[in-house]
Amino acid sequence: MTDNSTPFAGQHVVVTGGSSGIGRAAALIFARQGAETVFITGRDAERLKEAATLHPNLVPVVADVATAEGADAVEAAVAAGPGVVDVLVHNAGITKKTPIGRVNMADVMTVLGTNLIGPLLLTDRLLARLRTPGASIVFVTSVEGHRPPPFGSSVYAASKAGGEAFTRAWAVELGEKGIRVNAVAPGVTRTDAAVRAGFSPADAQLALEIFSQATVAGRPGEPEEVASWITRLAEPGSAYVTGQVISVDGGIELAGLPMKRPMKPRP
Ligand SMILES: NC(=O)c1ccc[n+]([C@@H]2O[C@H](COP(=O)([O-])OP(=O)(O)OC[C@H]3O[C@@H](n4cnc5c(N)ncnc54)[C@H](OP(=O)(O)O)[C@@H]3O)[C@@H](O)[C@H]2O)c1
């Protein structure tokens, strides 16, 4: 029996990158709102184990989303458990600087593999296990996917734009099975992502402050504020919403950020 506070009662959910930040916050909301099983994935087994202590319905699965073996591991966990997936959240993501003129192909492949190819592999692997009709896929993209800043992160931007293209294309392709596909595009959100990307804690804090000043809200988003839109798009009450990308960014896209630098005039 579902009510407004438990829209995911009896459902089974997969959240990639569920061991920290936005993914962990989303996994917790799913579990608190009734989901029976919430598989959380990541590469670091210890961090996953720690996150799984936050709610008894969280199930850790060590899986590198950028590999076919990772997709196999998630599918095997689902097969050994509920056998079916109601909600699939493609949240795992990574950012690396790839300035043109100094492109490192290993970094390029890591970013594209994690943010773009991985979701394709996992969706393909899990398709037969997605509940039809009724399953919901939610991508976590980024405002950078549709409003790229001039900071040498074009590959990250392309990976996120690709996620938004998958969102729209799969909404159409999988619609006949009764599967909905939507995306949440966060702006600057208070997580450890920048430190993981190689920034020092001080630089990460500075970047957070600079970006926050460029928002209408005047502050960074909290992981829970992004996560609550992931779950909202996934819940049965959103049955008439598909193929949409919702920016949850405190208005940074409208306010303009230091998004552009003046073009150098021709000599
Ligand atoms: N924070 C922001 O300001 C912001 C803004 C826009 C968009 N986003 C997007 O939001 C999503 C979540 O980011 P976050 O800020 O919450 O980052 P986070 O705190 O660094 O969390 C990232 C999660 O992804 C997992 N992950 C990374 N690479 C993985 C891989 N190859 N396989 C499996 N799991 C992997 C990490 O676990 P392991 O390291 O253990 O694998 C971790 O659980 C990402 O897609 C990010 O691009 C974030």
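Residues numbered from 1 in each chain as written. Predicted model: local features only at pLDDT ≥ 70, side-chain atom pairs only at ≥ 80, totals over all residues. Heavy atoms only, no water.

Asker: Honestly, the overall build of the protein chain in this entry has me stumped. Any pointers?
Answerer: Summing up its helical and strand segments, the protein chain has nine helices and seven strands in all. Scaling as 2.2 N^0.38, a compact globule of 267 residues should have a C-alpha radius of gyration of about 18 Å, and the protein chain matches this with 18 Å. Oriented by its inertia axes, the alpha-carbon framework of the protein chain measures out at about 65 × 35 × 35 Å. Classification of the 267 residues of the protein chain by burial places 48% in the buried group. Considering only intrachain contacts with a sequence separation of at least 6, the fraction spanning at least 24 residues in the protein chain is 73%. Total accessible area computed for the protein chain in this model is approximately 13100 Å², and 56% of it derives from carbon and sulfur atoms. In the protein chain, 24 side chains carry a positive charge and 25 a negative one; their mean positions are 7 Å apart. (Helix = DSSP H or I, 4+ residues; strand = E, 2+ residues; numbered from the N terminus. Rg over C-alpha atoms; globule rule 2.2 N^0.38 Å. Buried < 20%, exposed > 50% of the residue type's maximum accessible area, 1.4 Å probe, protein only. Contact = heavy atoms within 4.5 Å. Areas by Shrake-Rupley, 256 points an atom, 1.4 Å probe, with all protein chains shown as cover. Lys, Arg positive; Asp, Glu negative; His and termini not counted. Charge placed at Lys NZ, Arg CZ, Asp CG, Glu CD.)

Asker: Hey, could you run me through a positive patch on the surface in this one?
Answerer: A contiguous patch of positive charge, built from Arg24, Arg43, Arg47 and Arg196, is present on the exposed surface. Counting through the fold element by element, Arg196 comes out in helix H6 (residues 193-196). Judged by relative accessible area, which is 43%, Arg196 ranks as partly exposed. (Patch = residues over 30% accessible without salt bridge, like charges linked within 9 Å, V, L, I, M, F, W, Y side chains within 5 Å. Salt bridge = Lys/Arg side-chain N within 4 Å of Asp/Glu carboxyl O.)

Asker: Would you explain the site of the ligand in this entry?
Answerer: As a structural note, the neighbourhood of the ligand is formed by 29 residues, with Ser19, Arg43, Asn91, Thr191 and Arg196 the closest of them. Here an oxygen atom of the ligand and a side-chain polar atom of Tyr156 are 2.8 Å apart. If the ligand stood free it would expose 890 Å²; the protein chains cover 94% of that surface. Within the residue set of the shell around the ligand, elements represented by two or more residues are helix H1 (21-32), helix H5 (154-173) and H6. Of the residues assigned to the shell around the ligand, the class counts are nine nonpolar, 14 polar and six charged. (Near = heavy atom within 4 Å. Polar contact = N/O pair within 3.5 Å; in protein donor to acceptor, adjacent residues only side chain to side chain. Nonpolar A, V, L, I, M, F, W, Y, C, P; charged D, E, K, R; others polar.)

Asker: Sorry, what's going on with unusual backbone geometry here?
Answerer: Note: most peptide bonds trans; most residues except glycine with negative phi. Residues Thr132 and Pro133 are joined by a peptide bond in cis, for which omega reads -5 degrees. Turning to its location among the elements, Pro133 is positioned in the loop between helix H4 (105-126) and strand E5 (136-140).

Asker: How do you make sense of the packing of aromatic side chains when you look at a structure like this?
Answerer: Aromatic ring pairs are reported here in terms of the distance separating the ring centres and the angle at which the planes meet. Under the counting rule described, the total for this entry stands at five aromatic pairs. Centroid distance Phe8 to Phe30: 4.8 Å. Interplanar angle 70 degrees. Geometry classified as edge-to-face. Of the two residues, Phe8 sits in the segment before strand E1 (12-15) while Phe30 sits in helix H1, which places them 22 residues apart along the sequence. Grouping residues by exposure puts Phe8 and Phe30 together as buried. Feature note: the residues Phe139, Phe166 and Trp170 constitute an aromatic cluster, connected by ring pairs. Positioned above the aromatic ring of Trp229 is the side chain of Arg232, whose terminal nitrogen or guanidinium carbon lies 4.3 Å from the ring centre. (Phe/Tyr/Trp six-rings, centres within 6.5 Å; stacked < 30°, edge-to-face > 60°. Lys NZ or Arg CZ within 6 Å of the ring centre and 35° of its normal.)

Asker: It is not clear to me how the pattern of salt bridges should be interpreted in this structure. Could you clarify?
Answerer: Think of it this way: side chains of opposite charge can pair up when their charged atoms draw near. Inspection of every chain in the model, using the stated rule, returns seven salt bridges. The closest approach of N and O atoms between Glu75 and Arg129, which form a salt bridge, is 2.6 Å. Highlighted residues: Glu75 in helix H3 (residues 68-80) and Arg129 in the loop between H4 and E5, separated in sequence by 54 residues. Shared partners join several salt bridges into a network, and the residues in it are Asp72, Glu75, Arg125 and Arg129.

Asker: For this particular structure, what's the right way to read helix H8 (residues 223-234)?
Answerer: Residues spaced three or four apart along an α-helix point in a common direction, a consequence of the helix completing one turn every 3.6 residues. Over its 12 residues, H8 runs 17 Å from end to end, which matches the ideal 16 Å to within 8%, given 1.5 Å per residue. Every buried residue of H8 is accounted for by Pro223, Val226, Ala227, Ile230, Thr231, Leu233 and Ala234. Looking straight down H8, one finds its buried side chains confined to an arc of 160 degrees; they lie on one side. Those residues of H8 hidden inside the fold are in contact with H1, strand E4 (87-90), E5, strand E6 (180-186) and strand E7 (245-248). (Expected span 1.5 Å × (residues − 1). Arc of directions from axis to C-beta.)

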